[in-house]
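Read off the chains here:
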Amino acid sequence: MTSSATAPLLRRLNAERVLNVLREVEAIRHTELAGAAGLSRPTADAVIEDLRRIGLIAEVEDDTPGRRGRPARLVRLRAEKGYVVGIDIGVHKCMVAVADLRGTILATEVRPLGQELDRRERLDGVRKAVRVALKQAGVERPAVLAACAATPGVVDPRTGVVLTCDVLPGWKGMNLRTELGRSFGAPVLADNDANLAVIGERWRGVATDSQDVIYVLAGERLGAGIVSGGQIFRGHDGGAGEMAFLSLLEHTPGAEGIGALASHIGKEVVARLRERTGELTGDAALLLAAARGGDLEAQEVLEEILARMARAVGTLALLLNPELIVIGGGVAAAGEQIAEPIRRRLPQMTFLPPRLEVSVLGDRAVTAGALRTALDTVENSLLDNLNAG
């Protein structure tokens, strides 16, 4: 590689290192920034000038009380320069989060959505949730620099078209980027919900130090987000991580998640619990609560469900040999009640059982990944201007 080709790349990489430091602090001195980024002071100063020119950072004076001498100059990220939106479109609800360029979440809106809604009705619900979230955050729509939407099913990573989705009526064949792009004057990205969940978990969850991770989204259905060597693995058409292949294996459920299995295997037990308690929560939540409370029938049904889940997780572990498997989705709130029975069974299925943890982000892992993806898009776009001047 020639020096002329190398210099712009190094310039960009150095800028990324500086931004990684600035996201974690309110403001920092030049010398401290250089040290934290692993750069020489002259190189750091050049990067600071580059980032100031494209509007990503600003300099402020150190106003620490009691400080003597000439005020030091501090550098801060202009997190208010723009905003990003993360959207998680699910079967029963839509969650929308708004964040600044530091990734600080300013507002989150959750809007119930019925499973029976058609495409137009569901999209209308999503747009309403976006409007409410932006209003709560005090962000005008033109200030949004990028948005990212998550959906069940297979999404073509190149176009944003939903190639398959059997849980949302009329969803197959829709270009999610185009549909939601009408609501923004900024780039809109779209991806599978489990893919975005694993990105979120590596950003702010239990997988921050892991390079080989599988995130199992265990709601009504199972889906997996896969990271190998630090990179998200989507496959040729975005279908990697779809778990319908499990139905081809003997004694293993298909892509049924804990919610679906609770409704199917534990149908009679769930009906009895609902009649007795009058509880209107989902079947999985009702079954988990009863099992924790000592209901023997609920415990037996849950044990069978988790044995099936363990076979699904064990199959993934054998295929991909990850360092870590994260169990996430709405059931993550159950914590070790879900994790321990699965973890206990893994050594029976693989000689190299991975570490297994429950998501600390719960049902917010997907929006976290959507925000991180939108932030990456914004930063890449802004850093493209580094070599323009």
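Residues numbered from 1 in each chain as written. Predicted model: local features only at pLDDT ≥ 70, side-chain atom pairs only at ≥ 80, totals over all residues. Heavy atoms only, no water.

**Q** In this structure, what is going on with the overall build of the chain? I would like to understand it.
**A** Regarding its fold elements, the chain presents 12 helices and 15 strands. When burial is assessed residue by residue, the chain has 51% of its 389 residues classed as buried. Long-range pairs, those at least 24 residues apart, make up 63% of the contacts in the chain between residues at least 6 apart in sequence. When the accessible surface of the chain is split by element, carbon and sulfur atoms take 52% of a total near 18,000 Å². (Helix = DSSP H or I, 4+ residues; strand = E, 2+ residues; numbered from the N terminus. Buried < 20%, exposed > 50% of the residue type's maximum accessible area, 1.4 Å probe, protein only. Contact = heavy atoms within 4.5 Å. Areas by Shrake-Rupley, 256 points an atom, 1.4 Å probe, with all protein chains shown as cover.)

**Q** Sorry, what's going on with the side chain of R372 here?
**A** By secondary structure assignment, the location of R372 is in helix α12 (residues 365-383). If we skip the residues at most four places from it in the chain, R372 touches R23, I199, W203 and E379.

**Q** Sorry if this is basic, but what is going on with the confidence of the model for the chain here?
**A** Any region with low pLDDT has predicted coordinates that should not be read closely. Here the chain averages 87 in pLDDT, and 88% of its residues register 70 or above. Of the regions scoring below 50 in pLDDT, residues 1-5 engages in 1 contact with residues more than four places distant in sequence or in other chains. (pLDDT = per-residue confidence, 0-100.)

**Q** Explain helix α3 (residues 41-53) here, please?
**A** What sets the pattern is the α-helix's 3.6 residues per turn: residues three or four places apart point alike. End to end, α3 covers 18 Å across 13 residues, agreeing with the expected 18 Å (1.5 Å per residue, within 8%). In the stretch just after α3, G55 is the one whose phi turns positive, near 85 degrees. (Expected span 1.5 Å × (residues − 1).)

**Q** What should I look at first to understand helix α9 (residues 283-292) in this one?
**A** Along α9, the positions that sit buried rather than exposed are A284, L286, L287, L288, A290 and A291. Just downstream of α9 lies G294, where phi reads positive at about 100 degrees.

**Q** When you look at the pattern of salt bridges in this model, what are you seeing that I'm missing?
**A** Opposite charge on two side chains permits them to pair, given that their charged atoms come into close proximity. The full count for this structure, using the stated rule, is 25 salt bridges. Note that R12 is salt-bridged to D384, the shortest N-O span being 2.8 Å. Taken together, the residues span a long stretch of sequence, with R12 in helix α1 (residues 3-22) and D384 in the segment after α12 at a distance of 372 residues. On the basis of relative accessible area, D384 is assigned to the exposed category, the value being 52%. For R344, the salt bridge is made with E303, and the minimal N-O distance between the two is 3.8 Å. Of the two residues, R344 is situated in helix α11 (residues 336-345) and E303 in helix α10 (residues 296-320); the sequence distance between them amounts to 41 residues. By sharing partners, the salt bridges in this structure join R120, D124, R127, E179 and R182 into a single network. (Salt bridge = Lys/Arg side-chain N within 4 Å of Asp/Glu carboxyl O.)

**Q** Quick question: what am I supposed to make of the nonpolar core here?
**A** Here is a general trend for soluble globular proteins: nonpolar side chains tend to be buried in one another's company. Counting residues in each nonpolar core, the largest one holds 50 residues, and the members touching the most others are V18, L22, L33, L51 and L56. At 10 residues, α12 tops the list of elements feeding residues into this core. Core analysis: the second largest hydrophobic core is formed by 36 residues, L286, V313, V331 and L346 among them. (Core = buried A, V, L, I, M, F, W, Y, C linked by side-chain atoms within 4.5 Å.)

**Q** Honestly, the packing of aromatic side chains in this entry has me stumped. Any pointers?
**A** Aromatic ring pairs: the centre-centre distance and the angle between the two ring planes describe each pair. Across all of its chains, the model carries 0 aromatic pairs by this definition. A cation sits over an aromatic face here: R204 above W203, 3.8 Å from the ring centre. Here the guanidinium or amino end of R372 rests over the ring plane of W203, the centre of that ring lying 5.1 Å away. (Phe/Tyr/Trp six-rings, centres within 6.5 Å; stacked < 30°, edge-to-face > 60°. Lys NZ or Arg CZ within 6 Å of the ring centre and 35° of its normal.)

**Q** Just checking my understanding: could you explain the packing of helix α6 (residues 193-204) against α12 for this structure?
**A** Relative orientation and spacing of two packed helices are given, respectively, by the angle between their axes and the distance between those axes. Axis separation between α6 and α12 bottoms out at 6 Å; the angle between their running directions is 80 degrees. When the axes of α6 and α12 are compared, the pair comes out roughly perpendicular. On the side of α6, the interface is formed by D193, L196, A197, I199, G200, E201 and W203, while α12 contributes A365, V366, A368, G369, A370, L371, R372, T373 and L375. (Axes fitted to C-alpha atoms, helices over the stretch in contact; angles between N-to-C directions. Parallel < 35°, antiparallel > 145°, perpendicular 65-115°, else oblique.)

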